[in-house]
Every structure is written in structure tokens, then in C-alpha cells.
Amino acid sequence: MGSVFPGLRCAPPGAAIWRPLRGLGRGLGALAVCPSYVPVTKLVQTLLDGLAVGGLYALIALGYTMVYGILKFINFAHSDIFVLGAWISWVFAVRVLGVPDSAGATAPGWTGPLVFLVAMTACGTAGFLIERFAYKPLRNAPRLNVLITAIGVSLLLQNTGQLRVFFGPYPKSMPLLVPDVTLGYLAGVRVPLVDVIVLGTVVVLMLGLEGLIFRTKLGRGMRAVSFNTSLAALMGVNVSAVISFTFVLGSALAAAAGFLFVMKYPAGLKQPADTSWMMLGLKAFVAAVVGGIGNVRGAMLGGMLIGLLEFFGVAYFEPLYRDVYVFSLLILVLLFRPTGLLGRATVEKV
Amino acid sequence: MALLEIRDLDVHYGAIHALQGIALTVAAGQIVTLIGANGAGKSTTLRTISGLRRPTAGTLVFDGQSLVGKPPHEIVRLGIAHAPEGRGIFANFTVAENLEIGAYARHDKAGIAADRERVLTLFPRLRERLQQSAATLSGGEQQMLAIARAVLARPRLLLLDEPSLGLAPQVVQTIFQIIREINAAGTTILLVEQNAHMALQTAHYGYVLEVGRIVMHAPANELERSDEVRRAYLGVA
Ligand SMILES: Nc1ncnc2c1ncn2[C@@H]1O[C@H](COP(=O)(O)OP(=O)(O)O)[C@@H](O)[C@H]1O
Ligand SMILES: [Mg+2]
């Protein structure tokens, strides 16, 4: 199975020779073949990649968890918003701005931020429209109807993207909107600008969200709605507006993740209906559940954990089991802490 | 002058006809109580006033404006605050945050601060517990918090749903004392109670609700003396 991540950049050359030595032995074998491949380098590299990808999982997981927190509903179309963010970035950069998508082509410095904002705005708008026209009419309908609708929305988004006027049915390569420059070396690991941008953006967005939810009036309204919708309404919170806003916010964060993903992995830009996206979306969902669905800090923690676990598993154990690590963690959490790491069993004092 | 005027109100829960042609008037400045047995439709009446439930027929007019079809958050802004049955405090919030969200619909910072001082004076126990999680409060303290929070909306009409529910007699006395004080400071109150004795002693006017219909209404002291009320609600043979 082809991986969507083009592998660790510091993968030891000739590691294939050591195939028979799986598991722990693999790390030592790699050391023997690749003289520059010292353990601390590998550790730092794995940490960096794990955190960056974990951050992307977290950004997507936030959308799952916020919508669940407020509507008690898993928005299965959410990962398609992440994909929309990725392909809108390409469409806007290549089709609208005319940035060449040939390998190695670079674009003026302002295109990156512009594409980022356009992707977030487009996905935020899509999130708003989806809530307004697909989910809102079903506010009092049985849960199953909403789930089926979400699957419909997911199919609609995927297949709209497959249209040639938008993205088309084939993989594309993302132009480098972030120049491929090296900022420095950290314990022998090359630190490219794009990694700093990915991690920096993730951190800024998370801090911003944290501030919004825990320090603003709107955030207090969101937390109130998530605790009890009708009680929040009695306090004067406009519940419909809070729900709309939650969809816009979650979708914009997923768009940011989509954009950052194709910045970090330009070759990972598959067509919208490709199954590789589904696995990414699924892992982000696992991150939300592991952190405690409905809990914003849990989604952040869960995303980071899943990213780190995945990259450490791949680097230090068996790369083929990349998905196994993630889903094993899910099983363990569901067995021993079903409410997730930061989720609390909601027992109300009467 | 009537602050709230309800006419021919019908409310259904699916096939259940919970309110059947209710008529009720709350005069400005008064405490009006709605008493009745469990399941009579008291909470449904309050939920319909505050917009959580839509009536199937009838009119609700608050200070000259129809409430029918308005969402709860708009009704709060018209000046109606509802402290629901079972207190409904935000267990994931601190006491201070619970108070703040009571003033969610307001923008007058200075007024909010003044009202906050006022309720903390009314309920000194809340002041000691401001930074505590609201879930750690005792039942009586939670009820105080629910009332304090509703007062912070600076309502013209305050809806209280069974504030005495599950509280020790002494705490009930305190709560009713504070209800009188809030009313004396100018807030009109519609008080729903199963504790008919306390309610009728506190209110100016009373309505008796039986399975979805108003069967009696009169000034509270008259109701208290009526044989039917004494027998059915005051436990006097
Ligand atoms: N959410 C609901 N769904 C269905 N029936 C309800 C609901 N809430 C209340 N009822 C019914 O409506 C009637 C009035 O209930 P309620 O207003 O809660 O009474 P009270 O507050 O006087 O105890 C009861 O028969 C009750 O069973
Ligand atoms: Mg009731």
C-alpha cells in the first residue's frame, strides 16, 4: 500500500537490506549502513515529523470534536472539508493565480498566505452552507437521518472535487508556495522553512482557538451550548448562530490542515475521492476520540499523540504497521478509558 | 397593568395535550404563583413563555409584544429570565462564570458589575465560592446560584420553577425571603411551586393548575383560605 507520507526524509539508505531484521534490530541495522545516521538525529527527525503531522491531525480533530460537543453528532463529512482545503489550495494557486505546478517551480512570497486565507474562507463558507442546508433542517430528526445525510454530503464533496473544472480525477503536484530553504540544523536534522511554518501555524491556531473558547464571550456561549442547549438558550445565547459558527470554525481549521498538509507533502495531493484521504481523516477522528470527543484540549492532545505514535512506530518498529499503532491506541483507550484521555464522564449533580 | 398576558394557550408534546386553554395574567410589580401537582403543566407553562416550547394555539403577550414564535434568546432580550426546574446550573463552569453567563444578553458593563455586587450581597455564600466549580455546590447553593444568575439578566419578569425543590426547610425560608427582596426591588415574578403553602404566603396572586387547565385563581390570601386549596394542596383535611 502506498503511503501518503513520502517517508522519513532521513530514512537510512539501503535499509531494505535489513528487512530480515525487523523491529528493534532495524534501528541498529540502519546505524550500521548510514554513518551519519546517529540515534539522536533519528529521534529529532521523528519528533519533528510526528509533531507536525500530529498538529495537522489535531486541527482536523478539533472540527470533529467541536461539532460533537455541540450537536452530539459525528460529522462524517468533516474529513472531506480537510480534503477540500487541500484541493482548493491547488485550484486557487494553479488555476486562479497561475502558479506553475511543475516540480521545483516556486511562487512569489505572498501567494502562500493568500492561498491559505482563501482555502480557509472557502471551507468556512462550505461548512456554513452544509450546516444551513443539510443538517439544520434535521435538527429534530432521528440521529440516523443526520448520519446518512453526512455520508451524502461527503460523497457530494468528493465527487464535486473529482470534476475536471475543479480538481479532476488524477493526483496533482502542489507547487512550492513556501520556498524550499533550510533554516538550520537541529542535532543533524535539516529544519526546512516549511516545517517551521506548519508547526508554527498549528501552534498559533491552537492558541487562538484556546483563547476564543476560554476567554471570549462567544467561547463561553459555545461551551454553554455544548453543556446544555436549552439552558444556554435561556441565558440568551443564540444557539443557531453558535452552531453555524462552530461549523465555520471547524471547517476553517480543517482547511488550514489541508493547506499545510500539501505544503509539507506536495506529492501527497491525490484526487479528492482517493482513499488515502480517508485514512488521514479517520486518524484525525481517532485523535478526537482518544483525546475525549467533545473536548477541545483533548483533540489537540489526541492529534499530537497519534502523530507521534505513528511516526515513532514507523521509525523504530515496523513501517508497515503505521495504521496498526494508531488503531491499537484507539482500542486501548476505548477499553480502559472510554471517555478519552481528557474526557470526563458527564455525571451531573442533581 | 398586565406585564404578561396569556390567552387560550394550548401546548402539545406529540399526542399529549399538556396545556389546554390556559389563561393567565401577571400584573407588573407582583409575585404571581402557579401551583399544582406534579405533571399539571407548570413547567410547560414556563417553558412556553421563555420560548423553549412552541404553543399549538393561543397568545402570549409580554409588555405589548407577542412572544409566539420568538426564539428563547430574543425573549431573554425582551426582559424575561427563566430559572428552570432542577436549577440547571452549568456544572462545567465556575460559580463566577455561571453568574457571567446570566448577563450574556447584556452589554452595560457597569450595570452588570453593579448587579453582580447586588446578588453577591443577597447570596453571601456565593461570594465565598466564586472560583469554585459550580458542580461542587450543595443543592441549596445551586438554587441560589440559579436565582442569582437569572437576576443578572436584569429581567422585568423572572420565571422561577420550583425553587424550593429538594431543599431543607431553613434553606427554603432563605430562598423565599430573597424572592420577596428581589420583588421588592422592582422585579415581577412568576413563581411555580409544589410547596403551595410557601408560595401562597409569598405571592400576591395565585393560579391553580390541574392536568393542563387553570381550575382556580384569586388573590393569594383568598386561595390560601379556600377549602379546595386547603384540602388538595395544603394538606388540611
Ligand atoms: N418533554 C416532554 N415530552 C413529553 N411529555 C412531556 C414532556 N415534558 C412534560 N411532559 C408531560 O406534560 C405534562 C406536564 O408536565 P410538566 O409541565 O413538566 O408538569 P409540572 O411541571 O407541573 O410537573 C405531563 O403530563 C408530562 O408528562
Ligand atoms: Mg415541573
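Note that the coordinates shown come from a computational prediction; the quantities given were computed from them, not determined experimentally.

S.K.: Any details on the interface of chain A and chain B? Residues and values, ideally.
M.R.: Contact with chain A, which involves 17 residues of that partner, is made by 20 residues of chain B. Put simply, the parts of the chain that give the side of chain A that touches chain B at least two residues each are α7 (217–227) and α8 (229–234) of chain A. Counted by class, the side of chain A that touches chain B contains eight nonpolar, five polar and four charged residues.

S.K.: Can you lay out helix α6 (residues 193–215) of chain A for me, pointing to particular residues and giving the numbers?
M.R.: Because the α-helix completes a turn every 3.6 residues, residues three or four places apart line up on one side. Residues and elements named next belong to chain A. Along its 23 residues, α6 runs 32 Å from first to last C-alpha, staying within 8% of the 33 Å computed at 1.5 Å per residue. Those residues of α6 lying buried are Val194, Asp195, Val198, Val202, Leu205, Met206, Leu209 and Ile213. Structurally, α6 contributes buried residues whose contacts are with α2 (39–71), β2 (189–192), α7, α9 (239–264) and α11 (296–316).

S.K.: Outline the site of ligand 1, supporting the account with residue identities and numerical values.
M.R.: Residue and element names in this part refer to chain B. Near ligand 1 the following residues occur: Tyr13, Ile16, Ala18, Gly36, Asn38, Gly39, Ala40, Gly41, Lys42, Ser43 and Thr44. Broken down by secondary-structure element, the contributors of at least two residues to the shell around ligand 1 are β2 (16–27) and α1 (42–49). It is α1 that provides the largest number of residues to the shell around ligand 1, a total of three residues. Among the residues making up the shell around ligand 1, the classes are represented as four nonpolar, six polar and one charged.

S.K.: I'd love a proper account of the confidence of the model for chain B, names of residues and values included.
M.R.: In this model, chain B carries an average pLDDT of 94, and 99% of its residues clear a pLDDT of 70 or more. Quick note on the complex model: pTM equals 0.88, ipTM equals 0.95.

S.K.: Before we move on, can you summarise the pairing of strand β1 (residues 2–13) of chain B with the specific residues and values?
M.R.: Residue and element names in this part refer to chain B. Pairing of β1 with β2 involves nine bridges; the strand directions are antiparallel. The partner of valine 11 across the bridge, within β2, is leucine 19. In this structure, the hairpin formed by β1 and β2 is closed by a connection of two residues, where glycine 14 is found at a positive phi of approximately 60°. Sheet topology note: the β1/strand β4 (residues 57–62) ladder contains five bridges and is antiparallel. Across the sheet, aspartate 10 pairs through a bridge with alanine 57, a residue of β4.

Rules used in this analysis
Residues numbered from 1 in each chain as written. Chains lettered and ligands numbered in written order. Predicted model: local features only at pLDDT ≥ 70, side-chain atom pairs only at ≥ 80, totals over all residues. Contact = placed C-beta atoms within 7 Å. Helix = DSSP H or I, 4+ residues; strand = E, 2+ residues; numbered from the N terminus. Nonpolar A, V, L, I, M, F, W, Y, C, P; charged D, E, K, R; others polar. Expected span 1.5 Å × (residues − 1). Buried ≥ 20, exposed ≤ 12 C-beta atoms within 10 Å, placed from the backbone. Near = placed C-beta within 6 Å. pLDDT = per-residue confidence, 0-100. Pairing = 2+ DSSP bridges.

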